[in-house]
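Descriptive structure summary
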Amino acid sequence: MRKLSLTLLAALIPLVAASLALGSYLNYAGVRHNYLELVGARMSTVARRMANDAEVAMSLGVPLASQDVMNTALEREAEADPMILSVDVVADGGRVLFSSDPARRDTAEPAADPAAIRHEVPIASAFGTREGAAVVRTSNAAVEGALGDMGRSILWLSLAATLLGILVVAGAVAMSVRALWQRLTARGPTVSGAMVPEETRAAFASIDAEHSAIALRLGQKRGAAIPGRGA
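To keep things clear, this report deals only with the structure shown in the data block. All values derive from a computational prediction rather than experimental measurement. (Residues numbered from 1 in each chain as written. Predicted model: local features only at pLDDT ≥ 70, side-chain atom pairs only at ≥ 80, totals over all residues. Heavy atoms only, no water.)

Following the criterion strictly, the structure yields 13 salt bridges and no others. Arginine 95 is paired through a salt bridge with aspartate 106; the nearest N and O atoms lie 2.6 Å apart. Linking arginine 95 in the loop between strand S1 (84-91) and strand S2 (96-99) with aspartate 106 in the loop between S2 and strand S3 (116-124), this pair joins segments that are 11 residues apart in sequence. The class of arginine 95 is partly exposed, set by a relative accessible area of 40%. Residue classification places aspartate 106 among the exposed residues on the basis of a relative accessible area of 53%. With a shortest N-O distance of 2.6 Å, arginine 137 and aspartate 113 are connected by a salt bridge. (Salt bridge = Lys/Arg side-chain N within 4 Å of Asp/Glu carboxyl O. Helix = DSSP H or I, 4+ residues; strand = E, 2+ residues; numbered from the N terminus. Buried < 20%, exposed > 50% of the residue type's maximum accessible area, 1.4 Å probe, protein only.)

What follows is the structure, encoded as structure tokens:
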């Protein structure tokens, strides 16, 4: 029985651990995807709001390059979210016209920025021509840090669930093997006094009853034959 228990545990524990690990990975992947979508939607909303403000000002006759009041609005938007590195208004040629970060104003927008995730919304004139874009730069380190915290939480929960699952499986195997052993080793007496497995007692009782009935009929026949022979 001990060998059977160990065999069952060796087969079931890796299966339980693999199932929980796969579930944890899928859970993290789903949470990560949803989190990035939420961050992207929030930053795109900020960029769209700034683009709309710039387009309204242009429709009133204020050129994009002359909207100096945008710096104040951009600073206010950046201060509202600690994950934002900067909110910029970039001309169509790539020059940063206005920014929540004073150091970025009147500089060239780099083609790639590994420290930031860019969310861009174009700024169009009333004639449909592209004049520039509103760009929100999100801290890549902040996003990865938040994802890392969620990943660690899911990992610890997964380890706890795996340990609990192993304990449940071990308990179930132990009780099942014990019940099986009791069924295999249980003995009970038959009518004749022989000790047989408990599960076969009913079959032996039926056989003994049939034997008794046959013996009874044989005895009655012998008793009925004796008077006739004496006559």
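Where helix H1 (residues 2-59) meets helix H2 (residues 70-79), the closest approach of the two axes is 11 Å, and the angle between their N-to-C directions is 165°. Taken together, the axes of H1 and H2 are roughly antiparallel relative to one another. Crossing of H1 over H2 shows right-handed handedness. Along its contact with H1, which presents Val46, Arg49, Met50 and Ala54, the element H2 presents Met70, Ala73, Leu74 and Glu77. Among the residues making up the contact of H1 with H2, the classes are represented as 6 nonpolar, no polar and 2 charged. (Axes fitted to C-alpha atoms, helices over the stretch in contact; angles between N-to-C directions. Parallel < 35°, antiparallel > 145°, perpendicular 65-115°, else oblique. Left-handed = near helix turned anticlockwise from the far one by under 90°. Contact = heavy atoms within 4.5 Å. Nonpolar A, V, L, I, M, F, W, Y, C, P; charged D, E, K, R; others polar.)

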